[in-house]
Amino acid sequence: MPVYGMPVSDQLNATIWQPGAVTVLQRLRVAFHPDQIFPSIAYDKGQPRLLISVDVIVWTDAAGEVLYWGPTHTGEPAGTAPVEELEDVARRIVEQLIERETAMTTH
């Protein structure tokens, strides 16, 4: 059994206690691959979350039924959507990333 507080322990804990959230984040992670975005899933700090960029993090409720995203998983989310809109959420986040990148390169 992994020691509490170690990364593998955090991942195991999230997989056992929040399987819906972990499954949804894994599905969303794969939805970004066609756009050449390969986010990682962080399991530390008690809540699994998808790290897409410096200012875009995605997390879910414990059951994995609602997606939230924003610059930090501890504050007010910038957006929310039911998990049924997973593909749309991925598209919207990719569009936000492209807009930010375009704005940074044109200024």
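Let me begin by describing the structure that accompanies this report. Note that the coordinates shown come from a computational prediction; the quantities given were computed from them, not determined experimentally.

1. Digging into the overall build of the chain
Here is step 1: The number of helices and strands found in the chain is three helices and five strands.
Here is step 2: The order of α-helices and β-strands along the chain, N terminus first, is α-α-β-β-β-β-β-α.
Here is step 3: Residues classed as buried in the chain amount to 36% of the 107 residues present.
Here is step 4: Taking the intrachain contacts of the chain between residues at least 6 apart in sequence as the baseline, contacts between residues at least 24 apart amount to 36%.
Here is step 5: A total of about 6600 Å² of accessible surface is found on the chain, and carbon and sulfur atoms cover 57% of it.

2. Description of the nonpolar core
Here is step 1: Residues Leu 28, Phe 32, Leu 50, Ile 52, Val 58 and Ile 93 are the most contacted members of the largest nonpolar core, which totals 24 residues.
Here is step 2: Elements represented by at least two residues in this core include exactly helix 2 (19-31), strand 2 (49-53), strand 3 (56-60), strand 4 (66-70) and helix 3 (86-106).
Here is step 3: When residues in this core are grouped by element, the largest group, six residues, is from helix 3.
Here is step 4: With residues near it in sequence (within four places) discarded, Leu 28 still touches Leu 50, Val 58, Leu 67, Leu 86 and Ala 90.

3. Brief notes about the packing of aromatic side chains
Here is step 1: According to the stated counting rule, one finds one aromatic pair in the structure shown.
Here is step 2: On the basis of an interplanar angle of 20° and a centroid distance of 6.0 Å, the ring pair of Trp 59 and Tyr 68 is categorised as stacked.
Here is step 3: Trp 59 gets classed as buried once you look at its relative accessible area, which sits at 6%.

4. Some points on the sheet that holds strand 1 (residues 40-42)
Here is step 1: Read from one edge of the open sheet, five strands run 1-2-3-4-5, paired in antiparallel fashion. The sheet terminates laterally at strand 1 and strand 5 (79-82), the two strands that pair on one side only. Neighbour-to-neighbour, the strand axes of the sheet open up by a mean angle of 25°, direction not taken into account.
Here is step 2: Of the pairings in the sheet, the one linking strand 3 to strand 4 comprises four bridges and is antiparallel in character. Opposite Trp 59, over in strand 4, you have Tyr 68 as the bridge partner.
Here is step 3: Most of the contacts of helix 3 go to strand 4, to which it runs at about 5°, and overall it touches strand 2, strand 3, strand 4 and strand 5.

5. Quick notes on the packing of helix 2 against helix 3
In a pair of packed helices, the angle between the axes and the distance between the axes together describe the arrangement.
Here is step 1: Direction vectors running N to C along helix 2 and helix 3 enclose 50°, while the axes themselves pass 9 Å from each other. On the basis of their axis angle, the class for helix 2 and helix 3 is oblique. Along this stretch, helix 2 crosses helix 3, giving a crossing that reads as right-handed. For the pair helix 2 and helix 3, contact is made by Val 24, Arg 27, Leu 28 and Ala 31 and by Leu 86, Glu 87 and Ala 90, respectively.
Here is step 2: Residues belonging to the contact of helix 2 with helix 3 are distributed by class as follows: five nonpolar, no polar and two charged.

6. Structural notes on helix 2
Here is step 1: The end-to-end C-alpha distance of helix 2, which contains 13 residues, comes to 19 Å, matching closely the 18 Å that a straight helix rising 1.5 Å per residue would cover.
Here is step 2: Buried residues of helix 2: Ala 21, Val 22, Val 24, Leu 25, Leu 28 and Ala 31, and no others.

Thresholds applied
Residues numbered from 1 in each chain as written. Predicted model: local features only at pLDDT ≥ 70, side-chain atom pairs only at ≥ 80, totals over all residues. Heavy atoms only, no water. Helix = DSSP H or I, 4+ residues; strand = E, 2+ residues; numbered from the N terminus. Buried < 20%, exposed > 50% of the residue type's maximum accessible area, 1.4 Å probe, protein only. Contact = heavy atoms within 4.5 Å. Areas by Shrake-Rupley, 256 points an atom, 1.4 Å probe, with all protein chains shown as cover. Core = buried A, V, L, I, M, F, W, Y, C linked by side-chain atoms within 4.5 Å. Phe/Tyr/Trp six-rings, centres within 6.5 Å; stacked < 30°, edge-to-face > 60°. Pairing = 2+ DSSP bridges. Axes fitted to C-alpha atoms, helices over the stretch in contact; angles between N-to-C directions. Parallel < 35°, antiparallel > 145°, perpendicular 65-115°, else oblique. Left-handed = near helix turned anticlockwise from the far one by under 90°. Nonpolar A, V, L, I, M, F, W, Y, C, P; charged D, E, K, R; others polar. Expected span 1.5 Å × (residues − 1).

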